[in-house]
Amino acid sequence: MGTPEFPDLGKHCSVEECKQIDFLPFTCDRCNQVFCLQHRSFVKHHCPNANKQDVTVVICPLCAKGVRLVPEEDPNITWESHVDTECDPSNYEKATKKKKCPVPRCKEILTFSNTIKCRDCTIDHCLKHRFGPDHNCAGPKKPDSGFPFIDLFKRSQKEERKTNRTPTASSSSSSPTWATSFLNAASNVRASAEAGMAKLSIATNQALQTAKDGMGQSSNGPMEECPQCRAKFSSVTALVDHVEKVHERGSRGGVKKVTIDVCPKCSRGFRDPVALVNHVEKDHGGTSRA
């Protein structure tokens, strides 16, 4: 066996009937013996430790859970430890009960591949009854657009009818319950409406005060002066309106029409375009070039 250069090359098969020399032998991971290509499997060489790493699972009839049997251990001991620690009989119905299609007389079991949820009623159905007419779909629920106390009012009416059918000694005192509940709901709605109106009035007052403050700040700023009559105005818009109303109307009587140019930066008016250019270059750091 082997060569002078490789004395350990090749081994005999461990099977007594074979004993064949194999230069590429197989070592069994259970019994750690060497075998040839023909006897490498557990069945061929009858390996005594072949079932050490096998996984055996038994379904518990009480809780429908899987119990793994430990190799080289008595199954009765494994079963007793499961019953004492993990077994829960209430889980049996959840594990064994299979969901079926809710359509009457349909026995189709709903699985991952044949289950479709209806878009309208959001209920799972089988493929055969996936459309609305097939399972008598009731459609989506319409949102209640009425007042919040309508349901309370209807409920109180039903209670009143019941009390009227079975009158007792305390029926006279319990008859106005629906009226009180109706008034309470109405008062709650009124209180919420009044709170909303109060918030709206506060926001309005704040907006008016902000506008007044802005007007006061603008009045303290630079005044615009009319180039003809030397009248002063707080804004360019007021100055333009003054020129259009006073001076342009009188242009027929000999008064010359005035054209005012407005600064695009600070909205200041200038009669002379050259003065406007000088103002932009001096105050705003601009240039007179196009």
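Residues numbered from 1 in each chain as written. Predicted model: local features only at pLDDT ≥ 70, side-chain atom pairs only at ≥ 80, totals over all residues. Heavy atoms only, no water.

Under an unreviewed UniProt entry, the protein chain has the name Zinc finger protein and belongs to Macleaya cordata.

**Notes on the side chain of H125**
By the element assignment, H125 lies in strand β8 (residues 124-125). Note on H125: relative accessible area 4%, which makes it buried. Polar contacts involving the side chain of H125 include one to the main-chain carbonyl oxygen of I123, which spans 2.9 Å. (Helix = DSSP H or I, 4+ residues; strand = E, 2+ residues; numbered from the N terminus. Buried < 20%, exposed > 50% of the residue type's maximum accessible area, 1.4 Å probe, protein only. Polar contact = N/O pair within 3.5 Å; in protein donor to acceptor, adjacent residues only side chain to side chain.)

**Notes on the environment of D120**
Relative to the assigned elements, D120 resides in the loop between β7 (116-117) and β8. Its relative accessible area of 42% is what places D120 among the partly exposed residues. If near-sequence neighbours (up to four positions away) are discounted, D120 is found in contact with C137, G139 and P140. (Contact = heavy atoms within 4.5 Å.)

**Some points on the pattern of salt bridges**
Any two side chains of opposite charge can pair, on the condition that their charged atoms come close. Applying the stated criterion to the full structure yields three salt bridges. The partner of D29 in a salt bridge is R30, with the nearest N and O atoms 2.9 Å apart. As a salt-bridge pair, D124 and K99 come within 3.1 Å of each other at their nearest N and O atoms. Note that D124 is positioned in strand β8 and K99 in the loop between α2 (91-96) and β7, a separation of 25 residues in sequence. (Salt bridge = Lys/Arg side-chain N within 4 Å of Asp/Glu carboxyl O.)

**Side note on a nonpolar patch on the surface**
Where nonpolar side chains cluster on the molecular surface, the patch consists of F6, L9, I21, F23 and L24 and spans about 530 Å² of accessible area. Within the secondary structure, F23 is located in the loop between β2 (21-22) and β3 (26-27). (Patch = residues over 30% accessible without salt bridge, like charges linked within 9 Å, V, L, I, M, F, W, Y side chains within 5 Å. Areas by Shrake-Rupley, 256 points an atom, 1.4 Å probe, with all protein chains shown as cover.)

**Comments concerning the confidence of the model for the protein chain**
Model confidence for the protein chain is summarised by a mean pLDDT of 76, while 74% of its residues fall at 70 or above. Per-element confidence in the protein chain is highest for strand β4 (residues 34-35), whose mean pLDDT is 93, and lowest for helix α4 (residues 171-174), whose mean pLDDT is 44. In this model, residues 168-175 is a region of pLDDT below 50 whose contacts with residues beyond four sequence positions or in other chains number zero contacts. (pLDDT = per-residue confidence, 0-100.)

**Section: helix α6 (residues 236-247)**
Taking 1.5 Å as the rise per residue, α6 with 12 residues should run 16 Å; its terminal C-alpha atoms sit 15 Å apart, in good agreement. Within the sequence span of α6, burial applies to V236, L239, H242, V243 and H247. Burial along α6 is one-sided: seen end-on, the buried residues are contained in an arc of 120 degrees. What points out from α6, more than 90 degrees from its buried face, is the exposed set T237 and K245. Those residues of α6 that are buried lie in contact with β9 (224-225), β10 (232-233), β11 (261-262) and β12 (269-270). (Expected span 1.5 Å × (residues − 1). Arc of directions from axis to C-beta.)

**Things to note about the nonpolar core**
Counting residues in hydrophobic clusters, the biggest one holds seven residues: C13, V15, C28, C31, F35, C36 and C47. Setting aside residues no more than four positions away along its own chain, C28 makes contact with Q33, F35, F42, H45 and C47. (Core = buried A, V, L, I, M, F, W, Y, C linked by side-chain atoms within 4.5 Å.)

**So, the packing of aromatic side chains**
The relation between two aromatic rings is expressed through the spacing of the ring centres and the mutual angle of the planes. With the rule as written, the count across this model stands at zero aromatic pairs. Note that R40 overlies the ring of F26, its terminal NZ or CZ placed 5.9 Å from the centroid. (Phe/Tyr/Trp six-rings, centres within 6.5 Å; stacked < 30°, edge-to-face > 60°. Lys NZ or Arg CZ within 6 Å of the ring centre and 35° of its normal.)

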